[in-house]
Amino acid sequence: MDAGRIKLLPDHVANQIAAGEVVQRPASVVKELMENALDAGADHIKLIIKDGGKSLIQVVDNGMGMNPIDARMAFERHATSKIANATDLFQLQTKGFRGEALASIAAVAHVEMKTKTTNEALGTYLKIEGSKIIKQEPVATQEGTSIAVKNLFYNIPARRKFLKSIQVEMRHVNEEFYRLALAHPNIAFTLIHNGQIIYQLPLSNRLQRISNLFGHKLQAQLVPLKEETDYIKIEGFIGKPEFAKRKRGLQYFFVNNRYIKSSYLNHALLTAYEGLIKEKSYPPYFIYFDIAPKHIDVNIHPTKTEVKFDDEQTVYSILKVAAKHSLGQFNLSPSMDFDSRPDLEVPYDFKNKAPKIPAINVDPEFNPFKDVDEGLPAKIRPQKIEKNLAYWDAFMKETDQLSQNLSDFQSVSSGNLSLDIESSLNQQAFQFKQKYIITSKDQQLLIVHQHRAHALVLFHKLLQQLKHESIPSQQLIFPVEIQLLPHELNLLKTNIDKIIQMGFDLSFFQDAVLVKGVPMQLKTMAITHIFEDILQELDLTNPDSLNQIEEKIALIIAEKSAVKSGQKLESATMQTLLQDLFQLPEPAWTLKGKKVFTTISSKQIDLKFDL
Ligand code: ADP
Ligand code: MG
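Note that this is a predicted model, so its numbers are computed, not measured.

Novice: How should the overall build of the chain be read in this particular structure?
Specialist: Scanning the chain from N- to C-terminus turns up 20 helices and 22 strands. Per-residue burial for the chain yields a buried fraction of 51% across its 611 residues. Long-range pairs, those at least 24 residues apart, make up 70% of the contacts in the chain with a sequence separation of at least 6. With an accessible surface of roughly 29800 Å², the chain has 53% of that area assigned to carbon and sulfur atoms.

And the structure:
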């Protein structure tokens, strides 16, 4: 009789398959190893990373350690010390319980471990590669455990290739680190990347931990939230509405000190801000729920970032009420008085001129206290925060002059196509809804999106300029200080040459950068926002493609400096803009692929009249 077709998979294959679920990228390893360290009762956990975790992820803890037998068992699949039977599943106090993580990690990487319990004189050294134990021997080591994971996915080239740039992987690692560090302020954490200490977090309370991670200024932007019922206890901090950011981030929920994602609870919280913040802006929040384990199920997702409450609706309402209460209690409802806020730094001469902005409609673009201000030389500093026409006109005249020179130059230098387009442009143009410029060209009605057109023109001018020289810098009268996360500081420092070339003048402090000068072209004063955008681009850009970085920064400057929708334009300004636009090689589309203008042919118009 033939042997049956069905066979048990060899362990190392089963482990590799399990690894597919547990280990997606270096950050997943970080999470598993750090959670194990927490479960082992460590009160200091050190995370050491090289190359975003692609070369090394090491976690060193001072927890209970393992004896030689446990050290070996730990790498077996379904080996766990944390549950003994199914009922234990409903009273979980630990992070891990599946007993899969170490086995999975060891299946797809080179792993070395040193571990020692208090009871033993010597510890255990263990080396495993692709599930195979290479070496096990006694070793002199500290009490606790150190696990080093090297060359992740070395034996699965397809997965290895799938890893993103060092910066992107490091961003994920950072995020995992934030989540665990925020959930456990009573534990000291250290993070080292490529030999540099990024964080050294002492034991503290929650608020101190938040500010040690994200900068001390954040503390002043938060208000406490607290609510307790028989079912659940909620504590935490939520952002004052005026500090809502344009980008998501710094939004954290924890259930029993475990980070969770929940769009449902996010919704509950945001409804409390209704009318207080703009659409598409995001207040920071750090919310900690405490609830009896029997009311939640954490076992519904392999990476365990989701939690099911047995009464979600109740949690929703309690959270919403708590948040409203907390925003109200700290007097953040409509009558907020900006002038009496010492935590907001306002340059002296600006303070007297700033009009009051109704709190109900806070627009971060025009927040006078944060970064709209401090910036530009007095001669071009707006007297009002809101769209100041005189200011824009002065600016546009400047631009006009520039582009006039440029088009003069071009008309003598060539009889090219763009010249024909230009000459076919109607000399009359008017503005529609302060958003579009309407004119005619070649028997067609032409409708141009003013902001996109101007951004595109400015972008090309910047690139043109960069070909020959650095972009000149204008010094700020009031340099702007921006608090940054350590990895963001690193990003800036790594790319400092490019940034200087783009016209920025910066000095670095321990956890902040001082912007002393900005590119000449930069006509916005929202310098903090610009930096947020630049950092995001740096973070996402492959460091090998430096030109890309220049282009991306140029694009940010152009977009920030371009006239906005809602801005009234003089007719000469519109003419110049149209001429500049149609001299570009590709005027029809923005770099992000959005339409710059549209046309309606006379035929289409005739049709509307049944002609
Ligand atoms: P789980 O955490 O789900 O139990 P793991 O594969 O992550 O599964 O770990 C297996 C076992 O190894 C744990 O149950 C624990 O007993 C032991 N272990 C892992 N890491 C550590 C550590 N840092 N200190 C002490 N024991 C550890
Ligand atoms: Mg574990």
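Novice: Got a minute to help me understand the sheet that holds strand β22 (residues 597–601) in this structure?
Specialist: In sheet architecture, strand pairing relies on hydrogen bonds along the backbone and comes in two forms, parallel and antiparallel. Spatially, four strands are ordered β16-β17-β18-β22 in an open sheet, and the strand pairing comes out antiparallel. Of all the strands in the sheet, just β16 (430–432) and β22 have a single pairing partner and so form its edges. Taking each pair of neighbouring strands and ignoring which way they run, the sheet shows an average axis angle of 30 degrees. The sheet contacts of helix α19 (residues 571–581) involve β16, β17 (436–441), β18 (444–449) and β22, and relative to β17 the element is tilted by about 65 degrees.

Novice: How should the sheet that holds strand β1 (residues 44–50) be read in this particular structure?
Specialist: Pairing within the open sheet is mixed, and its eight strands lie in the order β5-β4-β3-β6-β2-β1-β7-β8. Each of the sheet's edge strands pairs with one partner strand only, and the pair in question is β5 (132–139) and β8 (196–201). Strand-to-strand, the axes of this sheet are offset by a mean angle of 10 degrees, without reference to chain direction. In the sheet, β1 pairs with strand β2 (residues 56–61) via six bridges, with the strands oriented antiparallel. By the bridge assignment for β2, Lys-50 is matched with Leu-56.

Novice: Can you help me understand helix α6 (residues 166–183) in this one?
Specialist: A turn of α-helix holds 3.6 residues, and therefore any two residues three or four places apart point the same way. An ideal rise of 1.5 Å per residue puts 26 Å on 18 residues; α6 measures up with 26 Å between its terminal C-alpha atoms. Within α6, 14 of the 18 residues are buried, which leaves the element mostly enclosed by the surrounding structure.

Novice: How should I be thinking about helix α17 (residues 527–540) in this particular structure?
Specialist: The terminal C-alpha atoms of α17, which comprises 14 residues, lie 20 Å apart, in line with the 20 Å expected from a rise of 1.5 Å per residue. Of all 14 residues making up α17, eleven are buried, and the element is well covered by its neighbours.

Novice: In this structure, what is going on with the pairing of β18? I would like to understand it.
Specialist: Remark: a regular strand shows side chains that alternate across the two faces of the sheet. When β17 meets β18, the two strands line up antiparallel, connected through six bridges. The residue of β18 that forms the bridge with Tyr-436 is His-449. Hairpin connection, β17 to β18: the antiparallel pair is bridged by two residues, and Asp-442 has positive phi, about 45 degrees.

Novice: Mind showing me how you'd approach the packing of aromatic side chains here?
Specialist: Aromatic rings considered in pairs are described by the distance between their centres and by the relative angle of their planes. A full pass over the atoms with the stated rule returns 17 aromatic pairs. Each ring, one from Tyr-264 and one from Tyr-316, has its centre 4.8 Å from the other, and the planes form 40 degrees; the classification is tilted. Taken as a pair, Tyr-264 in helix α9 (residues 263–271) and Tyr-316 in helix α10 (residues 312–329) lie far apart in primary sequence, 52 residues in all. Overall, Tyr-264 belongs to the partly exposed group, its relative accessible area being 32%. Note on Tyr-316: relative accessible area 15%, which makes it buried. For the ring pair Phe-582 and Phe-597, a centre distance of 5.1 Å and an interplane angle of 50 degrees mean the geometry is tilted. Of this pair, Phe-582 sits in the loop between α19 and β22 while Phe-597 sits in strand β22, and the two are 15 residues apart along the sequence. Like Phe-597, Phe-582 is buried.

Novice: What should I look at first to understand the nonpolar core in this one?
Specialist: Across soluble globular proteins, nonpolar side chains have a tendency to be buried as a group. Ranked by internal contacts, the top residues of the largest apolar core, which has 62 residues, are Leu-47, Phe-177 and Phe-214. Counting contributing residues per domain, this core is built from domain 1 (11–201) and domain 2 (207–332), each supplying no fewer than three. Filtering out sequence-adjacent residues up to four positions away, Phe-177 remains in contact with Met-34, Leu-47, Phe-189, Thr-190, Leu-191, Tyr-199, Leu-201 and Leu-213. Leu-462, Leu-492, Phe-504 and Ala-554 belong to the second largest nonpolar core, which has 36 residues in total.

Novice: Even after reading the chapter, I still don't get the packing of α6 against α17, so can you show me in this structure?
Specialist: Geometrically, a packed helix pair is captured by the angle between its two axes and the distance between the axes. Where α6 meets α17, the axes come as close as 7 Å, and the angle between the chain directions of the two elements is 115 degrees. Relative to α17, α6 is oriented roughly perpendicular. Every residue of α17 that contacts α6 at Gln-167, Val-168 and Arg-171 is listed here: Leu-538, Asp-539 and Leu-540.

Rules used throughout
Residues numbered from 1 in each chain as written. Chains lettered and ligands numbered in written order. Predicted model: local features only at pLDDT ≥ 70, side-chain atom pairs only at ≥ 80, totals over all residues. Heavy atoms only, no water. Helix = DSSP H or I, 4+ residues; strand = E, 2+ residues; numbered from the N terminus. Buried < 20%, exposed > 50% of the residue type's maximum accessible area, 1.4 Å probe, protein only. Contact = heavy atoms within 4.5 Å. Areas by Shrake-Rupley, 256 points an atom, 1.4 Å probe, with all protein chains shown as cover. Pairing = 2+ DSSP bridges. Axes fitted to C-alpha atoms, helices over the stretch in contact; angles between N-to-C directions. Expected span 1.5 Å × (residues − 1). Phe/Tyr/Trp six-rings, centres within 6.5 Å; stacked < 30°, edge-to-face > 60°. Core = buried A, V, L, I, M, F, W, Y, C linked by side-chain atoms within 4.5 Å. Domains from an automatic or database assignment. Parallel < 35°, antiparallel > 145°, perpendicular 65-115°, else oblique.

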